[in-house]
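# Structural overview for review
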Amino acid sequence: MYGLLIALAFVLSYLESLIPVFIAVPGVKLGLTNLVVLIAFVRLGKKDAFIINVIRILLVGFTFGNTYSLLYSLAGGILSYLAMLLLWKRKSFSLLGVSVAGGVCHNIGQILVAMTVLETGALIYYLPILMISGTIAGILVGILCKEVIKRLPRNLDS
Amino acid sequence: MKKNDIILILIILVISGAGLFVLHATKSSGSFVKITVDGNVVATYDLSVNQTYELEGYEGGYNILVIENGEAYFREADCPDLVCVKSGKIHKVGETIVCLPHRVVAEIVNEGEDAEVDTVSQ
């Protein structure tokens, strides 16, 4: 299950890089790989979700990106994981809410690192747009995740 | 979908909508464009002078900055994603164009604004 999910995250990252971005704001994307982290939350548990999250970021970062894109992804990934963990533990949110929180916090984390690296406070102007795009992406990924989990065979967990 | 999900989504949308409104309402047209590379201010250009500049990115690479009719934009660059070129024209105070691969930031500023103000606002 572990290897399968990481491989899936890897493929989804590549797939997403093929989708052209029409909006000229850096950082607007679907975040399809969050699907994998969500599945890990449901099927494996919070600790495994974290490990899978970090491994897929490192793997994708070393393959497709550079040191800085790795840093952005790591900040976004960890902040989004913490937000999802918080909502997941409270049990009063469905996967959709967890996914939205993850998407939004991923973008917030990336902006914070970009502000630090580039030493420009003015990047805060991107934040509202990135929060909205993160919400929409989170809703889509959340719906997708529910459907995938419904169809995922039970015996994969073993 | 649970009730809490909808509340969460609405709260996020309200916050970002308010943020968007406040940030746009407080903007005014600027008179200079400040260029920083890797966090260091390398140049400040007057927006009232139509001119084309070639900027050098961190660890090489170039971005062509054009100032035209009080607006600034990147016409050309050799970075892989070209987000800076797609970003379009800027002229309001605080608006930025960022080229992450070259670590180049173009920011619109006012005459009276100096580097100290920026440090505090961070």
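Residues numbered from 1 in each chain as written. Chains lettered and ligands numbered in written order. Predicted model: local features only at pLDDT ≥ 70, side-chain atom pairs only at ≥ 80, totals over all residues. Heavy atoms only, no water.

### Describing the sheet that holds strand β7 (residues 104–109) of chain B
All names here are of chain B. Stated formally: Strands are labelled as partners when DSSP assigns at least two bridges between them. Secondary structure elements follow DSSP: runs of H or I of four or more residues count as helices, runs of E of two or more count as strands, with numbering from the N terminus. Interaxial angle, 0 to 180 degrees, is taken between N-to-C directions of lines fitted to C-alpha atoms, where a helix line uses only the stretch in contact.
In spatial order, the strands read β2-β1-β7-β6; together these 4 strands make up an open sheet with antiparallel pairing. Only two strands of the sheet have a single partner each, and these edge strands are β2 (40–46) and β6 (96–99). For this sheet, the mean inter-axis angle between neighbouring strands, taken without regard to orientation, is 20°. With 4 bridges connecting them, β6 and β7 associate as antiparallel partners. The residue bridging Thr96 from the neighbouring strand is Glu107, located in β7.

### Section: the pairing of strand β3 (residues 51–56) of chain B
All names here are of chain B. Two strands pair when backbone bridges link them, and β3 and strand β4 (residues 62–68) are joined in this way by 6 bridges, in the antiparallel orientation. Of the residues in β4, the one forming a bridge with Leu55 is Asn63. Where β3 folds back onto β4 in an antiparallel hairpin, the turn is made up of 5 residues, including Glu59, whose phi is positive at roughly 55°.

### Things to note about the domain arrangement of chain B
As a reminder, the rule being used: Boundaries of every domain are those given by an automatic assignment or by a domain database.
Segmenting chain B into domains produces domain 1 (1–28) and domain 2 (32–121). Placing the centre of domain 1 of chain B and that of domain 2 of chain B at their C-alpha centroids yields a distance of 29 Å.

### Examining helix α1 (residues 3–25) of chain B
What counts here: An expected span of 1.5 Å times one less than the residue number is assigned to each helix. Exposure is judged per residue with a 1.4 Å probe applied to protein chains only, and the accessible area is read against the type maximum: over 50% gives exposed, under 20% gives buried, and values in between give partly exposed. Two residues qualify as a contact provided that any one of their heavy atoms is within 4.5 Å of a heavy atom in the partner residue.
Between its terminal C-alpha atoms α1(B) stretches 33 Å, which fits the 33 Å expected from 23 residues at 1.5 Å a residue. Listed in full, the buried residues belonging to α1(B) are Asp5(B), Leu8(B), Ile9(B), Ile12(B), Ser16(B) and Leu23(B). In the core, the buried residues of α1(B) are packed alongside α4 (67–90), α5 (95–118) and α6 (127–151) of chain A.

### Some details on the sheet that holds strand β5 (residues 71–77) of chain B
Where strands meet in a sheet, backbone hydrogen bonds hold them as pairs that are either parallel or antiparallel. Residue and element names in this part refer to chain B. The strand order across the open sheet formed by 3 strands is β3-β4-β5, and the pairing between neighbours is antiparallel. Looking along the sheet, the strands with just one partner apiece sit at the ends: β3 and β5. On average, adjacent strands in this sheet sit at an angle of 25° to one another, irrespective of strand direction.

### Structural notes on the pattern of salt bridges
Applied cut-off: In what follows, salt bridge is the name for a side-chain nitrogen of Lys or Arg lying within 4 Å of a carboxyl oxygen of Asp or Glu.
Evaluation of the coordinates by the stated rule reveals 4 salt bridges over all chains. Here Glu147(A) makes a salt bridge to Lys150(A), at a shortest N to O gap of 3.2 Å. Placement of both Glu147(A) and Lys150(A) in helix α6 is noted, with a separation of 3 residues, approximately one turn of the helix. Residue Lys150(A) is classed as exposed on the basis of its relative accessible area, which comes to 63%. With a closest N to O distance of 3.9 Å, Glu107(B) and Lys34(B) form a salt bridge. Of this pair, Glu107(B) sits in strand β7 while Lys34(B) sits in strand β1 (residues 32–37); the two residues are 73 residues apart in sequence, bridging distant segments of the chain. A cluster of three or more residues bridged by salt bridges with shared partners is formed by Glu147(A), Lys150(A) and Arg151(A).

### Section: the packing of helix α2 (residues 34–43) of chain A against α6(A)
All names here are of chain A. Just so we agree on the cut-off: Roughly parallel here means an angle under 35 degrees, roughly antiparallel means over 145, roughly perpendicular means 65 to 115, and every remaining angle is called oblique. In this scheme, a crossing is called left-handed if the near helix is turned counterclockwise away from the far one by less than a right angle; it is called right-handed if the turn is clockwise. Gly is put with the polar residues, along with every residue not named as nonpolar or charged; the nonpolar set is Ala, Val, Leu, Ile, Met, Phe, Trp, Tyr, Cys and Pro, and the charged set is Asp, Glu, Lys and Arg.
Packing of α2 against α6 leaves a shortest axis separation of 10 Å and a crossing angle of 50°. As judged from the angle between their axes, α2 and α6 are oblique. Here α2 and α6 pass one another in a crossing that is right-handed. Every residue of α6 that contacts α2 at Asn34, Leu35, Leu38, Ile39, Val42 and Arg43 is listed here: Val141, Leu144, Cys145, Val148 and Ile149. Grouping the amino acids of the contact of α2 with α6 by side-chain chemistry returns 9 nonpolar, 1 polar and 1 charged.

### Section: the interface of chain B and chain A
Note the threshold: Buried surface area refers to the total accessible area, computed with a probe of radius 1.4 Å, that the two partners give up upon joining, counted for both partners together. As used in this structure description, the phrase polar contact means that two N or O atoms lie within 3.5 Å; if the pair is within protein, one of them must be able to donate a hydrogen and the other to accept it, and residues adjacent in sequence are counted only when both atoms belong to side chains.
With 28 residues of chain B at the contact, the number on the chain A side is 31 residues. Summed over both sides, the interface between chain B and chain A buries roughly 2700 Å², with carbon and sulfur atoms accounting for 69% of that surface. Where chain B packs against chain A, one counts 0 salt bridges. Across the chain B-chain A interface, the total number found is 5 residue pairs in polar contact (both at pLDDT 80 or more).

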